[in-house]
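The lines below spell out each chain.
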Amino acid sequence: MKLQRHGAIACLALTAVLGLSACGSDNNEPAGASASGSTAAVDCGKGTLNAQGSSAQKNAMAEWIKAYQQKCAGTTINYEPSGSGAGIQAFIAGTADFAGSDSALKPEEQPQADAKCAGGQALNLPMVIGPVAVVYNVSGADNLQFSPATLAKIFAGKVTKWDDPAIKADNPDAKLPSAAIQAVHRSDESGTTDNFTKYLAKTAGSDWTFENSKAWKAPGGVGAAKSDGVASKVKSTDGTISYVEWSYAENSGLKMAKVKNGAGEFTELTAESAGKTIAGATFEGQGNDLKMSIDYNTKEAGAYPIVLATYEIVCSKGLAADKLPLVKGLLGHAASAEGQQELVELGYAPLPDEVRTKVEAAVKSLS
Amino acid sequence: MGDTPQRSAHAGTGGTPVATSHERPAGASARVAERSGNPGRPDGGLGGGGGLPRARAFGAERAFRGLTLAAGSTVLIVIAAIAIFLIAKAVPALRANTESFWTFEGWFPNDNPPKFGIGALAFGTVLSSLLALLVAVPVALGIALYLSHYAPRRLGNSLGFLIDLLAAVPSVVFGLWGRDYFAGPVADLSAWLNKYFGWIPIFGEGPYGSSILLGSVVLAIMVLPIVTSLSREVFRQTPTANEEAALALGATRWEMIRTAVLPYGRPGVIAAVMLGLGRALGETIALALTLGSTYAISFNILEAGGNSIAANIANRFGEANDTGRGALIASGLVLFAITLIVNITARAIIYRRREFTESAA
């Protein structure tokens, strides 16, 4: 069912993005063919690659693995979406060849991970950008927009009615009912919650007094299990507001709010506007370590501020000789313009070019 | 000679379902005595009746006794193993907990320092299960009585079949149905209850929807088939003599049910309700999908929120670290204890009621 849904979105996105007039049942054939023509230097290794980590990039990884395996037959690549923490642990323990993670390695994890890379270090490579949509379902109200302070007040339970002055101030023209707000959050722990609360803490610290964490810390509200549960709850219940990965918001046809960025503009969530925030991020790492610091208060015009950057954590040196071509091949495809474009269909935003070229160069330098 | 009839009598009681076991202490001690008397049987056989030596030669008898003994002790071993596993995993997490395990309202065992408390979860578990029974039991007894005493035979059979079918629906389906379709009507009902019965504290302010009420009603539907089919069987077994005696004395059908069927069936009904309660307490995914997953103790059953131990485990184990898993296991231990208490209470009630009804009947 998911595949079909994705397929439908894929058709729409491909039509829009590539200007194709029609698309067949297998979209990857033309893309794969053109890629193997342009990038002749695809590393086709043999054997098995085991990776695990973030479930936020599960769909992206599945797409890349499929595309890579079409180019290079005879390879087996496993990506287990076991969670970021488990992925990093597996990388440190040596059971994962690379790890996917919702956050870069923490300072205390870095030396442990470096120890696995003989003569090199563990690199954080931003690879998948997952924008987080603010979704709502209010009968009679459309095109709502929120400033960070209003969002923080709603989710902290300080604003409880839809016709509250704070919401009215953000939406002077909207017809807001005097109904109670149901602020829906994830009842399971999730990188989306972590990222969303980080955004609230950074942009509206005075209204959001809870630290960021994967578990929802604010009192009250309504929990729903998994992204699918959140999307379904918002879709079926009047008076709800929540946050969810972009792909789920699109697939469920939810109304997405515009969010005010640091420049004071209310911005709609698009692949382009999310990419602008990433383009404005600063790199904290040295050399090829591309650990990013996202500025949630970005002053970049037209940037959508709530984005989640997920990383691949991989050794710069010291990979086993049989694994190296596989890692370089797969991640090289992922960091290519074509690999990133595949993601748009799945509800991720592609890396902006200036970041992507750095990631691509970093992948090429793996040895 | 005195040995043989006693043994066969107890073999009979041991074989019948737990709910109908007679004279608990006597039966239990007799079974123990029988087991301990086993090796001494050859000696006793000399003084016994003529049938005994032949029985000793019959090896299958012993083999079967050994098999049933092994099956019986498996239960004990499994329960002991589960308890040991739970305790061993839970203790380190409980030590690491920096808040009171019993009173803290929240579940953040993955944080540093870990903080988690069982109070709100245990409260939600018990509250949702009791509410579910409150809704389900009257309906279930009504259905059971209709099927056993009022419905035409053919209709009764097919209706009973449908009820049993309800038991075969996976709980995740009930959960999804509750979450996606039933939440709306329940929210409307909640608003109505609050409007007209808002003066009762349990019918408080909204937001409505994913509330204890929704979870309980979904649970009630899941519990219904168990309670119904067991009670129906019990009611059917009412001795015809009792029923006809009541009718012969001029009782109407309702009076006959009240004087003959219900007293006879009471222990069975209590057993059925307790089985239903057991299912409700342990129900996981349906509640994980329908409850609002907040960590607060509130008697307002209409407000979105509420949580249960099993639902919390389902929601939180995916991203749990070592302490997180230990904390969830500790919560499992509490559920284990709650279930144990419920079962012991049920046994006690059944035992007491049984003596009463047997002397009455």
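Residues numbered from 1 in each chain as written. Chains lettered and ligands numbered in written order. Predicted model: local features only at pLDDT ≥ 70, side-chain atom pairs only at ≥ 80, totals over all residues. Heavy atoms only, no water.

Q: Whenever I open this one, the overall build of chain B confuses me. Can you help?
A: A count of helices and strands for chain B gives 14 helices and two strands. A total of 361 residues make up chain B; the buried ones form 42% of that total. Counting only contacts in chain B whose residues sit at least 6 apart along the sequence, the fraction spanning at least 24 positions is 74%. Accessible surface, chain B as shown: approximately 18,900 Å² in total, 67% of it carbon and sulfur. (Helix = DSSP H or I, 4+ residues; strand = E, 2+ residues; numbered from the N terminus. Buried < 20%, exposed > 50% of the residue type's maximum accessible area, 1.4 Å probe, protein only. Contact = heavy atoms within 4.5 Å. Areas by Shrake-Rupley, 256 points an atom, 1.4 Å probe, with all protein chains shown as cover.)

Q: Just to check I follow, could you spell out the overall build of chain A for this structure?
A: Assigned secondary structure in chain A consists of 14 helices and 14 strands. Looking at chain A as a whole, 55% of its 367 residues are labelled buried. Considering only intrachain contacts with a sequence separation of at least 6, the fraction spanning at least 24 residues in chain A is 74%. As presented, chain A carries roughly 14,300 Å² of accessible surface, and 52% of it is formed by carbon and sulfur atoms.

Q: Help me out: how do you make sense of the state of the cysteines in this one?
A: By definition, a disulfide is the covalent link that joins the sulfur atoms of two cysteine residues. Residue and element names in this part refer to chain A. On inspection of all chains with the given rule, the structure shows one disulfide over all chains. With its sulfur 1.9 Å from that of its partner, Cys117 forms a disulfide with Cys315. Note on the Cys117 and Cys315 pair: the S-S dihedral is about -70°, so by sign convention the disulfide is left-handed. Taken together, the residues Cys117 in the loop between α5 (110-114) and β4 (122-137) and Cys315 in strand β14 (residues 307-315) connect sequence positions 198 residues apart. Residue classification places Cys117 among the buried residues on the basis of a relative accessible area of 3%. The class for Cys315 is buried, based on a relative accessible area of 4%. (Disulfide = S-S within 2.5 Å.)

Q: I tried to follow unusual backbone geometry on my own but got confused; where do I start?
A: Phi is mostly negative for residues that are not glycine, and the peptide bonds are mostly trans. Residues and elements named next belong to chain A. Phi is positive for Asn143, which is not a glycine, with a value near 50°. By the element assignment, Asn143 lies in the loop between β4 and β5 (145-146). The exposure class of Asn143 is exposed, given its relative accessible area of 67%.

Q: Which parts of the structure should I look at to understand the packing of aromatic side chains?
A: The geometry of an aromatic ring pair is captured by two quantities: the separation of the ring centres and the angle between the planes. Applying the stated rule across the entire model yields 17 aromatic pairs over all chains. The ring of Phe108 of chain B carries the charged tip of Lys217 of chain A above its face, separated from the ring centre by 4.8 Å. (Phe/Tyr/Trp six-rings, centres within 6.5 Å; stacked < 30°, edge-to-face > 60°. Lys NZ or Arg CZ within 6 Å of the ring centre and 35° of its normal.)

Q: Is there a simple way to explain the interface of chain A and chain B in this structure?
A: Reports often express the size of an interface as the amount of accessible area lost when the parts come together. Facing the 22 residues of chain A at the interface are 18 residues of chain B. In this assembly, chain A packs against chain B so that about 1,700 Å² is buried in total across both faces, 44% of it on carbon and sulfur atoms. Applying the counting criterion to the chain A and chain B interface returns three salt bridges. The salt bridge partner of Lys217 of chain A is Asp111 of chain B, with a shortest N-O separation of 2.4 Å. Applying the counting criterion to the chain A and chain B interface returns nine residue pairs in polar contact (both at pLDDT 80 or more). Put simply, the parts of the chain that give the side of chain A that touches chain B at least two residues each are β6 (182-186), β7 (222-224) and α9 (226-236) of chain A. With five residues, the top contributor of residues to the side of chain A that touches chain B is α9 of chain A. (Buried area = accessible area lost by both parts, 1.4 Å probe. Salt bridge = Lys/Arg side-chain N within 4 Å of Asp/Glu carboxyl O. Polar contact = N/O pair within 3.5 Å; in protein donor to acceptor, adjacent residues only side chain to side chain.)

Q: What should I look at first to understand the pattern of salt bridges in this one?
A: Pairs may arise between side chains of opposite charge once their charged atoms sit close together. Tallied over the full model, the rule gives 15 salt bridges over all chains. Here Arg316 of chain B and Glu189 of chain A are joined by a salt bridge, their closest N and O atoms 2.9 Å apart. Note that Arg316 of chain B is positioned in helix α13 (residues 309-316) and Glu189 of chain A in the loop between β6 and α8 (191-203), a pairing that runs across two chains. Residue Arg316 of chain B shares its accessibility class with Glu189 of chain A, and that shared class is buried. Taking the shortest distance from any N to any O, the salt bridge between Asp322 of chain B and Arg325 of chain B comes out at 2.7 Å. Residue Asp322 of chain B and its partner Arg325 of chain B are both found in helix α14 (residues 322-360); the two are separated by three residues, about one turn of the helix.

Q: Could you clarify how one ought to interpret a nonpolar patch on the surface in this entry?
A: Residue and element names in this part refer to chain B. A cluster of nonpolar side chains, Tyr146, Tyr150, Leu155, Leu159, Phe161, Leu162, Leu165 and Trp254, forms an exposed patch at the surface whose accessible area comes to about 780 Å². Among the elements of the structure, α6 (119-150) and α7 (153-167) are those that each provide at least two residues to the nonpolar patch. No other element matches α7, which puts five residues into the nonpolar patch. Secondary-structure assignment places Leu162 in helix α7. (Patch = residues over 30% accessible without salt bridge, like charges linked within 9 Å, V, L, I, M, F, W, Y side chains within 5 Å.)

Q: Even after reading the chapter, I still don't get the packing of helix α12 (residues 324-335) of chain A against helix α14 (residues 353-364) of chain A, so can you show me in this structure?
A: In a pair of packed helices, the angle between the axes and the distance between the axes together describe the arrangement. Residue and element names in this part refer to chain A. One can describe the packing of α12 onto α14 by two numbers: an axis separation of 9 Å at closest approach and a directional angle of 170°. Judged on the interaxial angle alone, α14 and α12 are roughly antiparallel. Taken together, the residues of α14 that come into contact with α12 (itself represented by Lys328, Leu331, Gly332 and Ala335) are Arg356, Val359, Glu360, Val363 and Lys364. Within the contact of α12 with α14, the residues separate by chemical class into four nonpolar, one polar and four charged. (Axes fitted to C-alpha atoms, helices over the stretch in contact; angles between N-to-C directions. Parallel < 35°, antiparallel > 145°, perpendicular 65-115°, else oblique. Nonpolar A, V, L, I, M, F, W, Y, C, P; charged D, E, K, R; others polar.)

Q: What is the right way to read the nonpolar core from this model?
A: Grouped burial of nonpolar side chains is what soluble globular proteins tend to show. Of all hydrophobic cores here, the largest spans 102 residues; its most connected members are Val134, Phe146, Phe155, Trp162 and Ile241 of chain A. No other element matches the 11 residues that β4 of chain A contributes to this core. Ignoring anything within four residues of it in the chain, the contact list for Ile241 of chain A reads Val134, Val135, Tyr136, Phe146, Leu151, Ile154, Phe155, Trp162, Ile181, Gln182, Ala183 and Val184 of chain A. Leu145, Phe174, Ala183 and Met222 of chain B belong to the second largest nonpolar core, which has 74 residues in total. (Core = buried A, V, L, I, M, F, W, Y, C linked by side-chain atoms within 4.5 Å.)

Q: Looking at this structure, how should I read helix α4 (residues 84-93) of chain A?
A: Three- or four-residue spacings in an α-helix give side chains the same orientation, since the helix completes a turn every 3.6 residues. The set of residues buried in α4 of chain A consists of Ser84, Gly87, Ile88, Ala90, Phe91 and Ile92 of chain A. One or two residues past the end of α4 of chain A sits Gly94 of chain A, with phi positive at roughly 90°.

Q: Just to check I follow, could you spell out the pairing of β4 of chain A for this structure?
A: Along any regular strand, the residues point their side chains to alternate faces of the sheet. All names here are of chain A. Among the 16 residues in β4, 16 count as buried, and that is most of the element. Of the pairings in the sheet, the one linking β4 to β14 comprises nine bridges and is antiparallel in character. Paired with Asn124 across the bridge in β14 is Ile313. Relative to strand β8 (residues 240-245), β4 runs antiparallel, the two being bridged by six bridges. Its bridge partner lying in β8, Ala133 is registered against Val244. Pairing between β4 and strand β9 (residues 255-256): two bridges, direction antiparallel. By the bridge assignment, Tyr136 is partnered in β9 with Lys255. (Pairing = 2+ DSSP bridges.)

Q: Teacher, can you tell me more about the confidence of the model for chain A here?
A: Keep in mind that low pLDDT regions are not for reading the predicted coordinates in detail. Taken residue by residue, chain A gives an average pLDDT of 83. The fraction at 70 or more is 88%. The low-confidence segment residues 9-40 of chain A, where pLDDT is below 50, has 23 contacts with residues more than four positions distant or belonging to other chains. (pLDDT = per-residue confidence, 0-100.)

Q: Help me out: how do you make sense of the environment of Phe196 of chain A in this one?
A: Residue and element names in this part refer to chain A. Assignment of secondary structure puts Phe196 in helix α8. Sequence-wise, Phe196 and Glu272 are 76 residues apart; in three dimensions their C-alpha atoms are separated by 19 Å. With residues near it in sequence (within four places) discarded, Phe196 still touches Val134, Phe155, Trp216, Tyr243 and Ile306.

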